[in-house]
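Inside the fold
If you want the building blocks of each chain, they are given just below.
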Amino acid sequence: MLKLAIEGGTPVRDTPYPAWPVSGPREEELLRRVLFSEQWGGYSELVTELEQLFAGLHDARYGVAVANGTLALELSLLAAGIGPGDEVLVPAHSFIATASAVSRVGAVPVFVDIDRRSFNIDPERAEAETTKRTRAMIVVHFAGQIADMDRLEDFAKSRSLIVISDAAHAHGAEWRGLRAGGYGLASTFSFQNSKAMSAGEGGLIISNDEEFTARVRSLGNGGRRPDGGWFEHFELGSNFRMTGFQAAVLLAQLERLGEQVRLRRDNTEELRNALEGTPGVYLQQQPEAASAHTLYLLPGWIDEDEFGADRDDFVAALEAEGIPVRAFYPHPLYKNPMYEKLPHRVGECPVAEEASEDSFWLPQRTLMGSVEDTLDIARATLKIHEALKLTSS
Ligand SMILES: *Cc1c(COP(=O)(O)O)cnc(C)c1O
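About the cut-offs
Residues numbered from 1 in each chain as written. Predicted model: local features only at pLDDT ≥ 70, side-chain atom pairs only at ≥ 80, totals over all residues. Heavy atoms only, no water. Salt bridge = Lys/Arg side-chain N within 4 Å of Asp/Glu carboxyl O. Helix = DSSP H or I, 4+ residues; strand = E, 2+ residues; numbered from the N terminus. Buried < 20%, exposed > 50% of the residue type's maximum accessible area, 1.4 Å probe, protein only. Near = heavy atom within 4 Å. Polar contact = N/O pair within 3.5 Å; in protein donor to acceptor, adjacent residues only side chain to side chain. Nonpolar A, V, L, I, M, F, W, Y, C, P; charged D, E, K, R; others polar.

Attention now goes to the pattern of salt bridges. Considering all chains together, one arrives at 25 salt bridges under this definition. A salt bridge links E87 to R345; the nearest nitrogen and oxygen atoms lie 2.9 Å apart. One end of the pair, E87, is in strand β2 (residues 87-91); the other, R345, is in strand β13 (residues 345-346), and 258 residues separate them in sequence. Note on E87: relative accessible area 7%, which makes it buried. For R345, a relative accessible area of 25% corresponds to the partly exposed category. The residue E129 makes a salt bridge to R345 at a minimum N-O spacing of 3.0 Å. Note that E129 is positioned in the loop between α5 (123-128) and β4 (134-140) and R345 in strand β13, a separation of 216 residues in sequence. Among the charged side chains, a network of salt bridges with common partners joins R13, E372, D373, D376 and R379.

Here it is in structure tokens:
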């Protein structure tokens, strides 16, 4: 009766989790507003509205909307004056854009280990890798949990480093009640298809620094200035602008964000409690200062000896039980073939190496159904553990 679905048994679930992304009449209404206006591009009033609203909601004075999250990072580094000769600290695990943005502006990424419990950049390791050439640090708030900004900001200040947050996972996340605009020079967001707010593609840079924001805006808009003409270009910029259609969808998505985060948080609390009795399964630990985790993902890791199976067997068995789950990034960023050719530096990264072997994440939609839907994750996990215990005894 304890036959695992992967061995032909009945799966814990045969109904899918809620689909992602979601949309409704509000998206439609705002899209129509752009469609029937004469401004479909980046000068749409909806883009301005999104920039101001999103920045304000994230404790920042200024916002600049761009085409995607990768360009948001590249533009932030350019506007911060990071370039050839500079080193930039980045976590060893993230989406490639965190590191490639550094390489694209001609600087050298320095890969720093992550912390075992939070999956975020390890402040001690970051400090240890800092040299005279280090100009900046990109902090990723992995899965929607803000990194330890107390320690990171302290050491960044003492070494005069520019701090940029890659907040692609962290729409609405808080550290001591402060959202991503509250620390560092700038924070960048992504609105790619899977993200907690989506327009298919999209990005946004927020900051409290007026001069930096003016540079971002000019470099992202063909080197123009607010007081100059359409055909007057003052710096070597490019076109990074977001369209009115993207902004329309995002304004509607923003109205739903708070409620969606609360749902994920409530379901996750139940899941954490329900998993407590299953040995060898560990979920990302949340320090008290991370006062609002937005659960774009729920990461965790498997202790093979305690659980009775390794991560790969766990992921395959859980998927067969009807739970969408993903193995962690297959390798740290520096092991991508592109870094065989590009200048970079790698610190000691034992945790990052381990995480590729033993870690996994649950996507946000597994936390967006009913409590019972989410508890199926715990039921399936326990089932796998029990079945393996029986086969090994
Ligand atoms: C999604 C993501 C980005 C940006 O991705 P785009 O697809 O270009 O919007 C950057 N960093 C991280 C950590 C991400 O997950």
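Continuing now.
Now for unusual backbone geometry. With an omega of 0°, the peptide bond between W20 and P21 qualifies as cis. By the element assignment, P21 lies in the segment before α1 (25-35). A positive phi angle, close to 70°, is found at F119, a residue other than glycine. Structurally, the position occupied by F119 is in the loop between β3 (108-112) and α5. For L295, which is not glycine, the phi dihedral falls at a positive 55°. Note on placement: L295 falls in the loop between β10 (281-283) and β11 (297-302).

Looking now at the site of the ligand. Around the ligand, 13 residues are found, and the nearest of them are T70, D166, H169, S190 and K195. In the environment of the ligand, an oxygen atom lies 2.8 Å from a nitrogen or oxygen atom belonging to the backbone of G69. S190 places a polar side-chain atom, nitrogen or oxygen, 2.6 Å from an oxygen atom of the ligand. A class-by-class count of the residues in the shell around the ligand yields three nonpolar, eight polar and two charged.

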